[in-house]
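So you can see what is in the structure, the chains are spelled out below.
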Amino acid sequence: MKRLDGKIAIITGAARGIGFGIAKTYAEEGAQVIIIDLSQDAVDEAVKTLTDASYLATGFAADVTDNAVIEKIFKQIFNEFGKIDILINNAGITRDGLLMKMKEADWDLVMNVNLKGTFICTQKVCRYMMKKRSGAIINIASVIGLMGNAGQANYAASKGGTIAFTKSAAKEFASRNIRVNAIAPGFIETEMTARLSEEVIANYAKAIPLNKMGSIRDVANCCVFLASEDSNYITGQTIQVDGGLIM
Ligand code: NAP
């Protein structure tokens, strides 16, 4: 028996990066995964990679900030599968810049995708989870939302907001047996960080007690735990997957 056998899981921003890693790990654990991402081509490619490996996967091209489209897609998913067990709000972006020079458009875009997108997807999914009196929602925040970072005021505010949103949603939904938790990843090896020099990576690692960057699998494993019965008594929490960066 795999840990997510028979579970229907929606993962946003899952055509690549951490989201795709979560989708792959979930599929390996027996879940039917539904990938949501901006580009139809990227969604098709990600779904093909999983179905070619005989996993259960499907997908939709959508922007998480588009309320009407998300509502329509989630309804379609519920009608097709009869339930939605897990939502992972993973879609996220950065538009870095020092506060003094930050463009209002860059503030708005980051807040919209990272925070409002999480609100929209959570609001749309909760009605289906409430019907079944069961569900797990996992919001991908960041250590930056806990400790702040120069040049990332918009991103830090969006991720700090995600953590506060997680606690509030957990309190609202607990009586319906819907658990809401957040994960705050630290420095994770992704396509972006793969382009950094060994020296830069070694410098980052020095600040991390476990002395290495995290892997996408480290984040995905935590997502499996927070959606599985192993975490049945955990809600409203933010789990740092950061090698001990913030203690
Ligand atoms: P990534 O590689 O940039 O992937 C993000 C995915 O989300 C992309 O496929 C992107 O599509 C999609 N996306 C962007 N805006 C969207 C929208 N409005 N609607 C739907 N999909 C959208 O990012 P990542 O590094 O894997 O990060 C994933 C999450 O982890 C983010 O929330 C990020 O803040 C968080 N995080 C990452 C790290 C890290 O070290 N990487 C650390 C802490 C937290 P396009 O490619 O078309 O833009």
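Residues numbered from 1 in each chain as written. Predicted model: local features only at pLDDT ≥ 70, side-chain atom pairs only at ≥ 80, totals over all residues. Heavy atoms only, no water.

So, the packing of aromatic side chains
Thinking step 1. For the structure on display, the rule yields 2 aromatic pairs.
Thinking step 2. Seen in terms of ring centroids, Phe78 and Tyr128 are 4.6 Å apart; in terms of plane orientation they differ by 25°. Their pairing is stacked. Residue Phe78 is located in helix 3 (residues 67-81), and its partner Tyr128 is located in helix 4 (residues 104-132); the two are separated by 50 residues in the primary sequence.
Thinking step 3. Here Tyr128 falls in the buried class, since its relative accessible area comes to 7%.
Thinking step 4. Ring geometry for Phe187 against Tyr204: centres 4.5 Å apart, planes inclined by 25°, an arrangement best described as stacked. Taken together, the positions of Phe187 in the loop between strand 6 (178-185) and helix 7 (191-194) and Tyr204 in helix 8 (residues 198-206) put the pair 17 residues apart, joining distant regions of the chain.
Thinking step 5. For Phe187, a relative accessible area of 28% corresponds to the partly exposed category.
Thinking step 6. On the basis of relative accessibility, which here comes to 33%, the residue Tyr204 falls in the partly exposed class. (Phe/Tyr/Trp six-rings, centres within 6.5 Å; stacked < 30°, edge-to-face > 60°. Helix = DSSP H or I, 4+ residues; strand = E, 2+ residues; numbered from the N terminus. Buried < 20%, exposed > 50% of the residue type's maximum accessible area, 1.4 Å probe, protein only.)

Let's talk about helix 1 (residues 17-28)
Thinking step 1. With 12 residues, helix 1 extends 17 Å between its outermost C-alpha atoms, agreeing within 8% with the 16 Å of an ideal straight helix rising 1.5 Å per residue.
Thinking step 2. Counting buried residues along helix 1, 9 of its 12 residues qualify, which places the element largely inside the surrounding structure.
Thinking step 3. Residues Ile18, Gly19, Phe20, Gly21, Ile22, Ala23, Thr25, Tyr26 and Ala27 constitute the buried set of helix 1.
Thinking step 4. Those residues of helix 1 that are buried lie in contact with strand 1 (8-12), strand 2 (32-37), helix 2 (40-52), strand 4 (86-89), strand 5 (135-140) and helix 9 (216-227).
Thinking step 5. Just downstream of helix 1, Gly30 is the residue with a positive phi angle, here 100°. (Expected span 1.5 Å × (residues − 1). Contact = heavy atoms within 4.5 Å.)

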